[in-house]
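Structural features, examined
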Amino acid sequence: MLRQDSQGDVPLFDEDENAANRNKSKIQHPLASFFHLFFRVSAILVYLLCELISSSFIACMVTIILLLSCDFWTVKNVTGRLLVGLRWWNQVDENGKGHWVFESRKEASRKIVSSSESRIFWLGLIVCPILWVFFVFSTLFSFKIKWLAVVIMGVVLQWANLYGYVKCKVGGGTNLKNMATSYLGLQIFKQAVNKSQGP
């Protein structure tokens, strides 16, 4: 489900009265920009330097997973909204069925987003998942199987955020009818593929 500038019971974005007067190339949210990169870069550094830092595999694994979890929450709930005007989440209706919601600011409001913050956001969002995929292959090829769960966790959490924000960005100009049609077509295709594969 895609909504653009919704007026539901969940507030979308706080509009700043002086936002139009800000310099677009200046970093407007330095703390959000810092934490957007801090948790994800820290998780990668701890993974790379873990054997030098500590001899305890469990301590390293827990530290990396905590950093990845903090990164997932921060990017999904704070930095995406502040830095690029996008957010996504899963909403459960009264029947207990989950619906994915992808939101973006209106075009007029999106123009006030800082280009520097946008570059920081997308660079961090794209580069780090690619590194985790590389770590999966390096773990397999070096036979460090004990690290496989950690690197797969890194891939899943990082790619989930990347997928959610790409869906927000790309789907921003798409109307709901086109999205519903493509979703229905995708579901029919998946069912056809599953039936053709058989039991």
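As recorded in an unreviewed UniProt entry, the protein goes by Golgi apparatus membrane protein TVP23 homolog and comes from Ictalurus punctatus. For the record of the protein, the UniProt heading Sequence similarities (unreviewed entry) holds the text "Belongs to the TVP23 family." If you open the UniProt record of the protein and go to Subcellular location (unreviewed entry), you find "Membrane".

1. Looking at the state of the cysteines
One pass over the full model with this rule turns up 1 disulfide. Two residues share a disulfide in this structure: C50 and C60, whose sulfurs sit 1.9 Å from each other. Here C50, found in helix α1 (residues 30-53), pairs with C60, found in helix α2 (residues 57-84); they are 10 residues apart in sequence, far enough to count as distant. We classify C50 as buried; its relative accessible area is 1%. The buried category is assigned to C60, whose relative accessible area is 6%.

2. Regarding unusual backbone geometry
Positive phi, close to 60 degrees, is recorded for F143, a residue that is not glycine. In this structure, F143 sits in the loop between α4 (115-141) and α5 (148-170). For F143, a relative accessible area of 70% translates into the label exposed.

3. A short note on the UniProt feature "transmembrane region" (unreviewed entry) in the protein
With numbering aligned to this structure, UniProt lists the feature "transmembrane region" (unreviewed entry) at residues 55-75, 120-141 and 147-166. Helix makes up 90% of residues 55-75 and strand 0%, with an end-to-end C-alpha separation of 30 Å. Strand forms 0% of residues 120-141 and helix 100%; the C-alpha atoms that close the span are 32 Å apart.

4. Remarks on the environment of R87
Tracing the backbone through its elements, the reader meets R87 in strand β2 (residues 86-92). Take R87: its relative accessible area is 14%, and that puts it in the buried class. Linking R87 and C168, residues 81 residues apart in sequence, is a C-alpha distance of 7.0 Å.

5. A few points about the packing of aromatic side chains
The final tally for this structure, using the stated rule, is 16 aromatic pairs. Consider the rings of F38 and F39, whose centres lie 5.3 Å apart with planes at 65 degrees: the pair is edge-to-face. Residue classification places F38 among the partly exposed positions, given a relative accessible area of 34%. An aromatic cluster of three or more residues is present, and its members are Y47, F57, W132, F134, F135 and W147. For K76, the ring lying beneath its charged end belongs to W88, and the centroid distance is 5.1 Å.

6. Re the environment of F57
In this structure, F57 sits in helix α2. For the pair F57 and W147, spaced 90 residues apart in the sequence, the C-alpha separation amounts to 8.9 Å. When near neighbours in sequence (up to four residues on either side) are disregarded, F57 contacts K146 and W147.

7. Quick look at α5
For α5, spanning 23 residues, the distance from its first C-alpha to its last is 32 Å, which sits close to the expected 33 Å at 1.5 Å a residue. For α5, the full list of buried residues reads V150, V151, G154, V155, L157, Q158, N161, L162, G164, Y165 and C168. On its buried side, α5 packs onto α1, α2, β2, β3 (98-104) and α4.

The rules behind the values
- Residues numbered from 1 in each chain as written.
- Predicted model: local features only at pLDDT ≥ 70, side-chain atom pairs only at ≥ 80, totals over all residues.
- Heavy atoms only, no water.
- UniProt positions renumbered as here; feature names shortened; annotations may be inferred.
- Disulfide = S-S within 2.5 Å.
- Helix = DSSP H or I, 4+ residues; strand = E, 2+ residues; numbered from the N terminus.
- Buried < 20%, exposed > 50% of the residue type's maximum accessible area, 1.4 Å probe, protein only.
- Phe/Tyr/Trp six-rings, centres within 6.5 Å; stacked < 30°, edge-to-face > 60°.
- Lys NZ or Arg CZ within 6 Å of the ring centre and 35° of its normal.
- Contact = heavy atoms within 4.5 Å.
- Expected span 1.5 Å × (residues − 1).

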